[in-house]
Structure formats: structure tokens, C-alpha cells
Amino acid sequence: MKKLRFIFIAIAGLLFFSIFLSSTVRNIYLSKDGGIKRFGPLVEPIKVLAELPSLIKQVFEPPVFLIKNVEDKDGFSFFRNDNIDQYPKILISYKDEEFGQKFDLFELNTGQLIKRWEPDNKNLYDQAFNKMNPRKPQEGSDLYFMHPFFTQDSSLILNSQLTSLLVKIDKNSKTVWLKNDRNYHHTIEEDHEGYIYATTQPFLSGKYDMLPEDYDAYKTILLDDEITKLNPDNGDIIYSKSVIEILLENGYEDLLLSKGQFISDPIHLNDIQPALTDSDHWNKGDLLISCRNLSTIFLFRPSTSKIIWIKHGPWYNQHDVDFLDNNKVVVYGNDVIREESRIDPKLTSQNLFLSAKRKNNEIYIYDFEKDTITTPYSRLLKNEMVRTITSGRCDILSNGDIFIEETNNGKIIIGDSIHKKIKFVKRLDENHISSLFWSRIIN
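Residues numbered from 1 in each chain as written. Predicted model: local features only at pLDDT ≥ 70, side-chain atom pairs only at ≥ 80, totals over all residues. Heavy atoms only, no water.

## Overview of the overall build of the chain
So, step 1. In terms of helices and strands, the chain carries seven helices and 30 strands.
So, step 2. Counting contacts in the chain only where the partners sit at least 6 residues apart, residues at least 24 apart contribute 54% of the total.
So, step 3. Split by element, the accessible area of the chain, about 22200 Å² in all, is 52% carbon and sulfur. (Helix = DSSP H or I, 4+ residues; strand = E, 2+ residues; numbered from the N terminus. Contact = heavy atoms within 4.5 Å. Areas by Shrake-Rupley, 256 points an atom, 1.4 Å probe, with all protein chains shown as cover.)

In C-alpha cells:
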């Protein structure tokens with residue numbers, strides 16, 4: 001009887017402690033001063049207690065770059081060889097251990113390895129760790145480079161999605177320059193003058209009159225994505241502008257505040273594609289911008305700070321936008337639904353999910369001259385069940401074939417509108433392959 005009473009008291013105590021801890025943590029995160037006035041020096045210990053279960057989970061869970069896969073063959077698999085002789089090169093990034101990210105350049109039509117870069121990832125992480133970053137990762141946590149940019153002298157420019165790091169390494173994987181003054185994330189692309197554009201976030205957001213009067217309450221919480229132009233030779237910033245600011249200046253406050261709702265990641269800028277040529281629909285130097293969390297893309301002219309064209313959907317939560325010919329743009333639509341409510345119960349166990357109507361990703365082509373949208377690769381994406389929830393890349397090759405990176409599932413697929421011709425995975429062991437980190441077609 002005493003044993004049962006002890007068990008009951010222990011369970012009840014644990015329950016009440018959990019309720020107390022969760023309500024205390026909620027008060028800390030929602031209070032303007034971070035709970036300092038009410039809880040003083042206990043704030044940090046309380047946060048540690050609250051985060052302990054997730055930290056323990058991280059220790060026992062496999063690394064996030066490991067993807068369960070027992071069927072696909074390592075490397076390139078060729079299914080059809082028709083019209084692949086003129087395929088370009090491809091730069092692929094993968095991980096085989098923590099801080100073990102590598103970058104391989106291949107001939108796409110043969111699968112032959114041309115070159116490999118193996119930077120000292122741990123050392124780069126330590127150099128770039130910036131305590132001024134309010135959203136800094138836990139010190140010593142793993143490093144994930146995204147979208148490696150290849151230069152003519154065989155250097156690579158890399159950003160790290162989860163920390164404040166932009167770095168250039170030479171052909172021997174040695175550091176040329178490194179920056180950690182803001183968060184560098186998602187894509188890196190080159191313009192017609194040889195400068196590069198990066199998607200960035202300053203450590204402190206801008207101040208906006210549509211948000212609370214208390215700027216201190218959100219300045220470290222709002223993810224204020226910026227378009228940033230840099231010199232690839234030394235990393236110097238030439239131009240930077242907030243996407244929120246661009247939308248407000250061009251009269252799109254209603255797009256930002258749709259349904260009177262706002263989140264801390266309102267834009268989620270994930271691609272900046274500079275126009276390399278003039279056309280009837282854009283000028284050389286214009287930027288094609290992808291805002292995932294608005295399911296919106298637009299053409300922006302930096303010289304005038306004007307949005308010259310904007311389109312919301314039919315894609316949902318898209319990644320990757322590209323110019324095609326002189327009158328089209330290509331959009332990689334993840335077509336997932338986001339459910340971010342913290343008040344109502346969640347619809348699913350995940351906040352991103354594919355629907356019963358749209359069961360896989362889609363690639364959209366918008367034609368400016370005809371004002372039409374087509375999806376010519378639907379059968380290929382459906383046949384291969386391409387379903388990356390986040391990320392995802394595509395490029396239409398010179399012969400009309402399509403390159404697709406199904407990032408979350410660690411696969412590259414190249415094919416025509418119906419049939420796959422090539423598949424690539426990086427096998428790590430008999431049960432796992434590596435996630436991929438935004439491969440790049442090198443023409």
C-alpha cells in the first residue's frame with residue numbers, strides 16, 4: 001500500500017512539475033523582458049530544464065542527414081541513354097559523418113568524378129560562430145553547407161543554413177575569406193557583372209510600423225530576410241535590402257498581413273535569380289525572387305526599387321525559381337501545406353504536409369507572352385513520386401530534359417517529361433543514404 005502511495009505521489013508530483021515548468025517557460029518566452037524581472041537568475045536554468053528532453057532525444061536519434069533507404073544503388077544509375085551526350089556537369093554535396101560534408105563535381109552523362117573538395121568543416125564552424133547572433137545554434141552542433149557556388153578558378157563559395165557563415169574555399173579546400181556578420185542561408189547566384197547574390201538575415205530586424213510599438217520585443221525574433229549583393233573576390237557587401245521593406249514600399253502590405261495574421265518568419269526568402277539578359281519582360285540585372293511563406297514570386301528591379309511583376313500561386317511553399325528563354329520563368333512547387341497555429345490543435349503531427357489533392361511536388365512554367373501556366377513534367381514527378389517537403393531544386397537542361405533534386409529523400413532524378421534517365425544517391429551504409437544539399441548544374 002505504501003509503495004502504491006509513493007508511486008501515486010511521484011506521478012502527481014511529476015505531473016504538477018511539468019505543468020509548472022511549461023507555464024513558466026511560456027511566461028518567459030512571451031514576456032517583453034524575457035522573464036528577467038519575474039524570474040531573475042532562474043531564467044537560464046529553467047530554459048535548460050525545458051530543453052533537456054529535446055537535447056536527450058538528439059543524442060539518441062540518428063543524425064538528420066541520414067535517410068532510410070535500402071533499395072537504391074550507390075552513385076549514378078542510368079536507365080536511358082538517349083540524348084544525354086550534351087548533359088552538363090553537376091556539383092553535388094553530401095555528408096558521411098558529422099562535420100563531414102563533401103563536394104563532388106561529376107560529368108553528368110557518365111557519372112565520372114572530376115574533383116572533390118573536403119574543407120575542415122569543424123574549424124570553419126568554430127571560426128564563424130558568432131555569439132552576437134540571437135538565433136545562434138548550440139555551440140559545437142553540426143554544420144550544414146548549402147548550394148555550393150562554383151567559380152572559374154575552381155573555388156567554392158558556401159553558406160551554412162543554420163549559422164552565420166559565408167566562406168570561400170580555393171581548389172585545395174583552403175579558406176580564402178570568411179564572413180559571420182549575419183545569417184547566410186539558402187541560395188547563392190551570380191549576376192551578369194560577376195557579383196553574387198545571397199539570401200541573408202541581419203541579426204537584428206528592421207523596425208516596421210505595422211508591428212508592435214515595442215521594437216525590442218521582436219527585433220531578435222523577426223526573420224527579416226534581405227537580398228544581399230557581394231563581391232565574390234573578397235566577400236564585401238555592395239547592396240542589401242529587406243524583402244519586407246521592398247513589399248511595403250511597393251504597396252503590398254496586404255500580402256504580408258493576409259487575414260490579419262503575421263508570423264516570425266513572414267517571407268522565408270529561398271531564391272534570388274538575377275536576369276543575365278534583357279528581354280521584353282525584364283531587364284538585365286532584374287531579380288526573380290522566391291518568398292516561400294507567401295507562396296509568391298516577383299520580379300524586382302534594384303535600380304529603381306520597384307516590383308515590376310508579382311505572382312501568388314498556384315504553387316504552394318515553392319523553392320527554386322529560374323528564367324527560361326526570354327519569356328518564361330520556372331518554379332519548383334513543393335506544393336505542401338503549412339499549419340503553424342499555436343492556438344488550435346494541429347491538423348497533423350507535422351506543420352508541413354502534402355495534401356490528398358496534391359500528392360507530390362510540381363514544376364510550373366509561367367509564360368509572360370501567353371499569360372499561361374503549364375506543368376510539362378507532371379508525369380515524371382508523379383511516376384517517381386517526388387515528394388520533398390522542404391528544399392528541392394530543378395533545372396531545365398538545354399535539350400529540354402529536367403534535373404530534379406529531391407532533397408529530403410536524398411535523390412537526384414534527370415529525365416524527360418515522362419521517363420527518368422538517370423538517378424543518383426549517395427549510399428552511406430546498407431540501410432542509409434545521405435541527404436543532399438542543393439546540387440548545382442555547371443554549364
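## A few points about the pairing of strand 6 (residues 145-150)
So, step 1. The element strand 6 is extensively covered by neighbouring structure, given that five of its six residues are classed as buried.
So, step 2. As judged from the four bridges shared by strand 6 and strand 7 (residues 156-160), these two strands associate in the antiparallel manner. Each bridged residue has a counterpart across the sheet, and for Met-146 the counterpart in strand 7 is Asn-159.
So, step 3. Taking the residues that link successive antiparallel strands as the turn, the strand 6-strand 7 hairpin has five residues, and the phi of Ser-154 there is positive, at about 70°. (Buried < 20%, exposed > 50% of the residue type's maximum accessible area, 1.4 Å probe, protein only. Pairing = 2+ DSSP bridges.)

## Some points on the packing of aromatic side chains
So, step 1. On inspection of all chains with the given rule, the structure shows 16 aromatic pairs.
So, step 2. Both rings, one in Phe-103 and one in Phe-145, keep their centres 6.0 Å apart while their planes meet at 55°; by these two values the pair is tilted. You can see Phe-103 sitting in strand 4 (residues 101-107) and its partner Phe-145 sitting in strand 6, a full 42 residues away along the chain. As far as the burial class goes, Phe-103 and Phe-145 line up, both buried.
So, step 3. Both rings, one in Trp-117 and one in Phe-150, keep their centres 6.1 Å apart while their planes meet at 80°; by these two values the pair is edge-to-face. Taken together, the residues Trp-117 in strand 5 (residues 113-117) and Phe-150 in strand 6 connect sequence positions 33 residues apart.
So, step 4. Ring pairing ties together the aromatic residues Trp-282, Trp-309, Phe-323, Tyr-366 and Phe-368, which thus form one cluster.
So, step 5. Positioned above the aromatic ring of Trp-117, the side-chain terminus of Lys-115 is 5.2 Å from the ring centre. (Phe/Tyr/Trp six-rings, centres within 6.5 Å; stacked < 30°, edge-to-face > 60°. Lys NZ or Arg CZ within 6 Å of the ring centre and 35° of its normal.)

## Description of unusual backbone geometry
Glycine aside, a negative phi is what most residues show, and trans is what most peptide bonds show.
So, step 1. The residue after Gly-313, namely Pro-314, is reached through a cis peptide bond having omega 15°.
So, step 2. As for its position among the elements, Pro-314 is in the loop between strand 17 (306-312) and strand 18 (319-324).
So, step 3. Unusually for a residue other than glycine, His-147 sits at a positive phi of about 50°.
So, step 4. Residue position: His-147 is located in strand 6.
So, step 5. Looking at His-147, the relative accessible area reads 2%, which means it is buried.
So, step 6. Phi angles above zero are rare outside glycine, and Lys-259 is one such case at about 65°.
So, step 7. Its place among the elements puts Lys-259 in the loop between helix 6 (253-256) and strand 14 (269-274).

## A look at the pairing of strand 12 (residues 226-230)
So, step 1. Among the five residues of strand 12, five are classified as buried, and the element is accordingly described as predominantly covered.
So, step 2. Sheet topology note: the strand 11 (residues 196-201)/strand 12 ladder contains five bridges and is antiparallel. Following the sheet pairing, Thr-199 is matched in strand 12 by Ile-227.
So, step 3. Note: strand 12 against strand 13 (residues 237-242), five bridges, orientation antiparallel. Bridge pairing in strand 13 places Ile-227 opposite Lys-241.
So, step 4. Two successive antiparallel strands, strand 12 and strand 13, enclose a turn made up of six residues, where Gly-235 displays a positive phi of approximately 85°.

## Quick word on the side chain of Lys-423
So, step 1. Mapped onto the secondary structure, Lys-423 falls in strand 27 (residues 420-425).
So, step 2. A residue is classified by how much of its surface remains accessible, and Lys-423, at 12% relative accessible area, is buried.
So, step 3. At 3.1 Å, the side chain of Lys-423 forms a polar contact with the side chain of Asp-72.
So, step 4. In contact with Lys-423, not counting residues within four places along its chain, are Asp-72, Gly-75, Phe-76, Ser-77, Phe-79, Lys-411 and Ile-412. (Polar contact = N/O pair within 3.5 Å; in protein donor to acceptor, adjacent residues only side chain to side chain.)

## Here's the deal with helix 4 (residues 121-128)
So, step 1. Of the positions making up helix 4, those classed as buried are Asn-121, Leu-124, Tyr-125 and Ala-128. Taken around the axis of helix 4, the buried residues stretch over an arc of 100°, which confines them to a single face.
So, step 2. Summarising the contacts, the buried residues of helix 4 are in contact with strand 4, strand 6, strand 8 (166-169) and strand 9 (175-179). (Arc of directions from axis to C-beta.)

## Section: the sheet that holds strand 30 (residues 440-442)
So, step 1. With antiparallel pairing, the four strands of this open sheet are ordered in space as 5-4-3-30. Each edge of the open sheet carries a strand with a single partner, namely strand 5 and strand 30. Within the sheet, the average angular offset between the axes of one strand and its neighbour, ignoring direction, is 25°.
So, step 2. Bridge analysis of strand 3 (residues 89-95) against strand 4 gives seven bridges, and the strand direction is antiparallel. Counted as the bridge partner of Tyr-94 is Lys-102 from strand 4. (Axes fitted to C-alpha atoms, helices over the stretch in contact; angles between N-to-C directions.)

## Topic: the sheet that holds strand 28 (residues 427-429)
Two modes of strand pairing occur in sheets, parallel and antiparallel, and in both the strands are linked by backbone hydrogen bonds.
So, step 1. A sheet is described by the order of its strands in space; here three strands give the open sequence 1-29-28, paired in antiparallel fashion. Looking at the sheet topology across the chains shown, the edges are occupied by strand 1 (66-68) and strand 28. Neighbouring strand axes in the sheet, compared pairwise and without regard to direction, differ in orientation by 40° on average.

## Details of the environment of Thr-374
So, step 1. Summarising the element assignment, Thr-374 is placed in strand 23 (residues 372-374).
So, step 2. The partly exposed category is assigned to Thr-374, whose relative accessible area is 40%.
So, step 3. The sequence separation of Thr-374 and Ile-363 amounts to eleven residues, and the corresponding C-alpha distance is 8.5 Å.

## A word on the pattern of salt bridges
So, step 1. Scanning all chains against the criterion turns up 25 salt bridges.
So, step 2. For Asp-72, the salt bridge is made with Lys-411, and the minimal N-O distance between the two is 3.7 Å. Taken as a pair, Asp-72 in the loop between strand 1 and strand 2 (75-78) and Lys-411 in strand 26 (residues 411-415) lie far apart in primary sequence, 339 residues in all.
So, step 3. We classify Asp-72 as buried; its relative accessible area is 12%.
So, step 4. As a salt-bridge pair, Arg-182 and Asp-181 come within 3.2 Å of each other at their nearest N and O atoms.
So, step 5. Three or more residues joined by partner-sharing salt bridges are found here, namely Arg-80, Asp-82, Asp-401 and Lys-421. (Salt bridge = Lys/Arg side-chain N within 4 Å of Asp/Glu carboxyl O.)

In short, the description is geometric, and any link to function would need to be established separately.
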